[in-house]
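# Architecture at a glance
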Amino acid sequence: MRCLAREEARVTVVMTRAAEQFISRLTFGALSGNRVHGDMFADDPAGIMAHITLSREADCVLIAPATAQTIARLAHGMADDLLSATVLAADIPVVLCPAMNTNMLRHPATRDNLERLRGIGYTVIEPASGTLACGEVGAGRMPGWDLVRETLLALFADQDLEGRRILITAGPTREPLDPVRYLSNRSSGRMGYALARTARRRGGEVRLVTGPVSLSDPPGVEVIRVTTAQEMRDAVLALAGSVDIIVGAAAVADFRPRSCRELKIKKSGADPCIELEPNPDIMAELGRSRRSGQLLVGFAAESHDHEQEGRRKLEEKNLDLVVVNDILGSRTGFDVETNQVTLLTARDRRQLPLLSKEATADRIWDRVVELGRGSG
Ligand code: PMT
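The shown structure was predicted, so the numbers you read here are calculated from the model rather than taken from an experiment.

## Topic: the domain arrangement of the chain
- Segmenting the chain into domains produces domain 1 (2-155) and domain 2 (165-256 + 272-372).
- Taking the mean C-alpha position of each, domain 1 and domain 2 sit 39 Å from one another.
- Listed per partner, the contact involves six residues of domain 1 and six residues of domain 2.
- Taken over both partners, the interface formed by domain 1 and domain 2 buries close to 510 Å², and the fraction arising from carbon and sulfur atoms is 45%.
- Arg201 is the partner of Glu150 in a salt bridge, and the nearest nitrogen-oxygen pair spans 2.8 Å.
- Taken together, the links from domain 1 to domain 2 amount to four residue pairs in polar contact (both at pLDDT 80 or more).

## Describing the environment of Arg149
- Its location among the elements puts Arg149 in helix H9 (residues 145-156).
- A relative accessible area of 15% places Arg149 in the buried class.
- Along the primary structure Arg149 and Cys3 are separated by 146 residues, whereas in three dimensions their C-alpha atoms are 8.5 Å apart.
- When residues no more than four places from it in sequence are discounted, the contact partners of Arg149 are Glu7, Arg197, Arg201 and Glu358.
- Within polar-contact distance, the side chain of Arg149 engages the side chain of Glu150 at 3.4 Å.

## Some words on the environment of Leu4
- As for its placement among the helices and strands, Leu4 is situated in helix H1 (residues 2-6).
- Here Leu4 falls in the buried class, since its relative accessible area comes to 15%.
- What Leu4 contacts, discounting residues up to four positions off in sequence, is Ala9, Val11, Leu62, Trp145 and Leu152.

## Thoughts on the packing of helix H10 (residues 190-201) against helix H14 (residues 357-372)
- For the pair H10 and H14, interaxial distance at closest approach is 8 Å and the crossing angle is 60°. Taken together, the axes of H10 and H14 are oblique relative to one another. At the point where H10 passes H14, the crossing takes the right-handed sense. Taking contact as the criterion, the partners of Arg190, Met191, Ala194, Leu195, Arg197, Thr198, Ala199 and Arg201 in H10 are, on H14, Lys357, Glu358, Thr360, Ala361, Asp362, Ile364 and Trp365.
- Grouping the amino acids of the contact of H10 with H14 by side-chain chemistry returns seven nonpolar, two polar and six charged.

## Things to note about the nonpolar core
- Among the nonpolar cores identified, the biggest contains 31 residues, and Ile168, Leu195, Ile364 and Trp365 are the most heavily contacted of them.
- Mapped by element, the contributors of at least two residues to this core are strand S6 (165-170), H10, strand S9 (205-210), strand S11 (245-248), strand S14 (295-302), strand S15 (321-326), strand S17 (341-344) and H14.
- Not counting residues up to four positions away in its chain, the partners in contact with Trp365 are Leu161, Ile166, Ile168, Leu195, Thr198, Ala199, Arg202, Ile245 and Val247.
- Of all hydrophobic cores here, the second largest spans 21 residues; its members include Val209, Val243, Ile282 and Leu296.

## Here we look at the sheet that holds S15
- What the eight strands build is an open sheet, ordered S10-S9-S6-S11-S14-S15-S17-S18; its pairing is mixed. Looking along the sheet, the strands with just one partner apiece sit at the ends: strand S10 (222-225) and strand S18 (349-351). Here the average twist between neighbouring strands, direction ignored, is 15°.

## Structural notes on helix H8 (residues 108-120)
- The end-to-end C-alpha distance of H8, which contains 13 residues, comes to 18 Å, matching closely the 18 Å that a straight helix rising 1.5 Å per residue would cover.
- Residues of H8 that are buried include every one of Thr110, Asn113, Leu114 and Leu117, and no others. Each buried residue of H8 sits inside an arc of 100° when the element is viewed along its axis, so together they form one side. For H8, the exposed residues set more than 90 degrees away from the buried face come down to Pro108, Arg111 and Gly119.
- The secondary structure elements touched by the buried residues of H8 are helix H5 (68-75), strand S2 (94-98), helix H7 (102-106) and strand S3 (123-124).
- Just downstream of H8 lies Gly121, where phi reads positive at about 110°.

Definitions and limits used
Residues numbered from 1 in each chain as written. Predicted model: local features only at pLDDT ≥ 70, side-chain atom pairs only at ≥ 80, totals over all residues. Heavy atoms only, no water. Domains from an automatic or database assignment. Contact = heavy atoms within 4.5 Å. Buried area = accessible area lost by both parts, 1.4 Å probe. Salt bridge = Lys/Arg side-chain N within 4 Å of Asp/Glu carboxyl O. Polar contact = N/O pair within 3.5 Å; in protein donor to acceptor, adjacent residues only side chain to side chain. Helix = DSSP H or I, 4+ residues; strand = E, 2+ residues; numbered from the N terminus. Buried < 20%, exposed > 50% of the residue type's maximum accessible area, 1.4 Å probe, protein only. Axes fitted to C-alpha atoms, helices over the stretch in contact; angles between N-to-C directions. Parallel < 35°, antiparallel > 145°, perpendicular 65-115°, else oblique. Left-handed = near helix turned anticlockwise from the far one by under 90°. Nonpolar A, V, L, I, M, F, W, Y, C, P; charged D, E, K, R; others polar. Core = buried A, V, L, I, M, F, W, Y, C linked by side-chain atoms within 4.5 Å. Pairing = 2+ DSSP bridges. Expected span 1.5 Å × (residues − 1). Arc of directions from axis to C-beta.

Below, the structure is given as structure tokens:
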């Protein structure tokens, strides 16, 4: 409830009698800021046609948690309470989060009911596993909000990346210096992870090759973890031949120490001198060996000469689109929630406003979709 409110969703709660055994209407009323509905024929401003009114005013129905009883009612088209009547009357997406004891979840009757609901076109989110309300341990917990959020957002996203195989790099790389130290940078991975989330939401088949970050895996995205630039290059090149779109959002180290010391460098004697050698340039290598029809998108992390440097990288690396971002801004570039980018192609430039990295990612995908349609 709180998570939905944080996303500025307008929530109207319909409670079953069983739900009211666990939590009061007052609580949900306070959290949602709206009247809570429960009885089909109670004195209700929505009138005795509450199930019609409610189903017409909503964009989707989220049943969380969905008990075995409610699942059975819905699977058999019953309408003997306000929730089941509203769902039956609704012609909007319905998402269920089954939550119950593991044996109940695995019971053939429940499984059949869930299969029927999937067949109707309802979305059933797989329960999580762990300690259940009854104290037992197993499948049957409510799924995490992140998965529910992505499922809901995907309902309303244009599936314009449907079926596109997408590979994204994110985060920093770490170039070892000795058993304790490494060279790296301030990339948090947020930009790359936002690209992965939004691409998945829009129907893409997404793989994410990420350096070390402290972000949770985006739901529905295959995550491949690497540490060094060489490992990132090897992981990307292994997948490059089988994807349609590659986006290099990672802050790949251009250089690495020529040798990684076996023992910790000590603070004794003369100042240590670190000899560096170049790392592979992943996007440039992809640009040289790109598959026909493949779309390559790079980023340019610049502190000055932004557009000139962006264009240089667009041409030198043989890319289709470069996303230029200023790394000196307090709300752009590394390790912040927002970004302000310029999209450069061989034909044009588009300056975006300051947006969240998720909104920036969506605008980048909008441009990629245009390029993919040849309407560059
Ligand atoms: O992760 P965040 O904290 O959200 O920060 C986001 C970001 C600033 C890291 C991101 O928006 C960004 O700018 N990523 C690219 C950083 C970078 O390495 O830029 P560059 O101008 O040095 O590299 C140009 C392009 O070549 C990039 O696509 C980069 O991934 C790629 N590259 C660079 C070096 C290298 N050895 N191999 C590469 O493929």
